[in-house]
Structure formats: structure tokens, C-alpha cells
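# Chains, contacts and geometry: an overview
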Amino acid sequence: MAFLTAHHTDVGIKKKTNQDALLLKTAKTPKGPVGLFIVCDGMGGLSHGELASATVIRGMADWFDGEMPRLSRSENIEEEIYSEVEKCIKQLNEKILHYGETSKVKLGTTLTALLIVHNKYFIAQIGDSRAYSISRSIKQLTNDQTLVAREVARGNISEEQAKVDPRRNVLLQCVGATKEIEVDFSTGVVNKNTVFMLCSDGFYHQITEEELALTLKPETVKNEQEMMGKVVQLVELVKARNETDNITVLAAKVL
């Protein structure tokens, strides 16, 4: 197994700073390659959102470098990954929260992390950035932790109403805003010739799943240059549709 990867982040057409952040790390192990892919969407005035998202990216990168060599050899890898990732995220939450309290500012960040280890993937989710898999069909692998998504799940509003609801950006939780957070974990089997895509909410509001599936079909992505071109094309399409938020996309094709 190997990866083709591409990523692109854009400040967008309105904001002056880009508070999104991303991480792409791969490593070789005796049992095969592993990869960690993350998208964060920071929130907070001035540069505080940027600080929150960058803090999580640095912390998760250090965790991957320090812990992944051992975890990749573990016989109980699934249980250990859940506990180790959760511990790392909660430590980062405390770090950002402490900074906010001492500096008297409010800040935080979403976190969508995809860890591919051998033939399995693990996702850690907080907030409303997303992960998708694209093969013969497209599947959203994460659940948005937003007020509007919760209302849809409860049957109080429809999917169509949710798209235009003024509360659609209200998060139920994010990293760095409250003492207690609950990491939403999911896992699955990794099949070859699958494209995994992570993105911030500035990307997916102005594009359809059909457009994503058509553009990033695995059979049309033969090298990283092609993948990069497609990712940039999608971001420019979203900007042309007047998305005002920062926009970030990360794609990884499993070979």
C-alpha cells in the first residue's frame, strides 16, 4: 500500500487571514506504510483561530512522530490508537483552553483526523470539518457536530432547511473552548484505489457530493500532479460560487 497525496488551502474571497490548517504525514513501518491526515478550522478573533488550529496540528504531528513507530507494531493497535489519540487531543484542548483563559480570549478549532494504518482507517472527529471516501460511490465518513445537524437527526428540520439555516455554523463542541470534549471515533477497512478527502466547512457548503465524486474518481487520478490540479480546480469552483470562508482540501489516494 502507498499513497498519492495533494492538498490546497485558500484564504478565500473575503477574509484577511487563513485560520484553517492541515497536516499530511506518512511513514514506513515493517508492516507497511502509515499516514496521518488532518484538517482543522480555527475560530477566534485576530490571529487566535490560527493559533488554535496550528497548535493542534503541531501537537498531532509530534504525537505521530513519537508514538506511531510503537503503535504500528502493537497487537492491540485499535484499542491503543483510540486511547492514545484521545489523550493527545484532550491535552491539546487543555493547552488551548488555558491560553484562552489566561489571555482572556475565546478561541478553538475543529479537528478531523484520518489515520491509515496498514489495511484500516481510524477517524477522530470534533466539530464540522469532514472526511469522505470516494471509490465507486462517495460516502461521508464523519458526522457534523453542529446544532443544525443535531436538529436534522432529531427530525426537527430537513436537510434542505439545514443548508440555509442561519445557525448552521454553530458548533456543539470544538478543541479549546470547553473543559470537557468527547472525541467521536470511527473505523473501517481501507480498500485500494480509494480516495480519502478531508475538508473544512468553507469547502463543502458550495459544492455537491456528485461533483466531488466525479472530479476525484480514483481511476481519473493517476499521479500527484493530476490530483493537485483537481483539488485546486475544486477550490476555485467554490470561490467562484462566492464562498466567503477559508477553504481547505486534503486528498489521499490509496494505491
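The shown structure was predicted, so the numbers you read here are calculated from the model rather than taken from an experiment.

## Here we look at the nonpolar core
As a rule of thumb, nonpolar side chains are buried together in soluble globular proteins. Ile38, Met60, Ile89 and Leu115 are the most contacted members of the largest nonpolar core, which has 33 residues in total. Those elements that provide at least two residues to this core are β2 (20-29), β3 (32-44), α1 (48-71), α2 (77-103), β5 (111-117) and β6 (120-126). Considering every element that reaches this core, the biggest residue donor is α1, with nine residues. Counting 23 residues, the second largest nonpolar core, distinct from the first, contains Leu212, Ala213, Leu234 and Ala251.

## A word on the sheet that holds strand β10 (residues 194-199)
Read across the open sheet, the five strands follow the order β1-β11-β10-β7-β8; overall the sheet is antiparallel. Each of the sheet's edge strands pairs with one partner strand only, and the pair in question is β1 (3-10) and β8 (138-140). Ignoring which end each strand starts from, the neighbouring axes of this sheet average 15° apart. For β1 and strand β11 (residues 247-254), the ladder comprises eight bridges, and the chain directions are antiparallel. Pairing of Ala6 across the sheet is with Ala251, part of β11. Taken strand by strand, helix α7 (residues 224-240) contacts β1, β10 and β11, and its axis lies near 30° from that of β1.

## Concerning α1
Between its first and last C-alpha atoms α1 spans 33 Å; for 24 residues at 1.5 Å apiece the expected length is 34 Å, and the two agree. Residue Asp65 marks the point of greatest curvature in α1, where the axis turns by about 35°; the proline Pro69 follows within four residues.

## Remarks on the packing of aromatic side chains
One pass over the full model with this rule turns up four aromatic pairs. Pairwise contacts between aromatic rings join Tyr82, Phe122 and Phe185 into one cluster.

## Some remarks on the packing of α1 against α2
Close contact between α1 and α2 brings their axes to 10 Å; oriented N to C, the two are set at 150°. Taken together, the axis directions place α1 and α2 in an arrangement best described as roughly antiparallel. Crossing handedness for the pair α1 and α2: right-handed. Taken together, the residues of α2 that come into contact with α1 (itself represented by His48, Leu51, Ala52, Thr55, Val56, Gly59, Met60, Trp63, Glu67, Arg70 and Leu71) are Ile77, Glu80, Ile81, Glu84, Val85, Cys88, Ile89, Leu92, Lys95, Ile96 and Tyr99.

## A closer look at unusual backbone geometry
Although it is not a glycine, Lys104 sits at a positive phi angle of roughly 55°. Secondary-structure assignment places Lys104 in the loop between α2 and β4 (107-109). With a relative accessible area of 74%, Lys104 lands in the exposed category. In the Ramachandran plot, Asn193 falls in the positive-phi region, its phi being about 60° despite a non-glycine side chain. Among the structural elements, Asn193 can be located in the loop between β9 (184-189) and β10.

## Topic: the pattern of salt bridges
On inspection of all chains with the given rule, the structure shows 14 salt bridges. We note a salt bridge from Arg167 to Asp165, for which the minimum N-O separation is 3.0 Å. One network of salt bridges, with partners in common, ties together Glu67, Arg70, Glu80, Glu84 and Lys87.

## Describing the pairing of β6
Look at any regular strand and the pattern is simple: side chains alternate between the two faces of the sheet. Among the seven residues in β6, six count as buried, and that is most of the element. Here β5 runs beside β6; their pairing, made up of seven bridges, is antiparallel. Bridge pairing in β6 links Val117 to Lys120. Two successive antiparallel strands, β5 and β6, enclose a turn made up of two residues, where His118 displays a positive phi of approximately 60°. With six bridges joining them, β6 and β9 adopt antiparallel strand pairing.

Cut-offs and rules
Residues numbered from 1 in each chain as written. Predicted model: local features only at pLDDT ≥ 70, side-chain atom pairs only at ≥ 80, totals over all residues. Heavy atoms only, no water. Core = buried A, V, L, I, M, F, W, Y, C linked by side-chain atoms within 4.5 Å. Buried < 20%, exposed > 50% of the residue type's maximum accessible area, 1.4 Å probe, protein only. Helix = DSSP H or I, 4+ residues; strand = E, 2+ residues; numbered from the N terminus. Pairing = 2+ DSSP bridges. Axes fitted to C-alpha atoms, helices over the stretch in contact; angles between N-to-C directions. Contact = heavy atoms within 4.5 Å. Expected span 1.5 Å × (residues − 1). Bend = angle between axes of the 7 residues up to and from the residue. Phe/Tyr/Trp six-rings, centres within 6.5 Å; stacked < 30°, edge-to-face > 60°. Parallel < 35°, antiparallel > 145°, perpendicular 65-115°, else oblique. Left-handed = near helix turned anticlockwise from the far one by under 90°. Salt bridge = Lys/Arg side-chain N within 4 Å of Asp/Glu carboxyl O.

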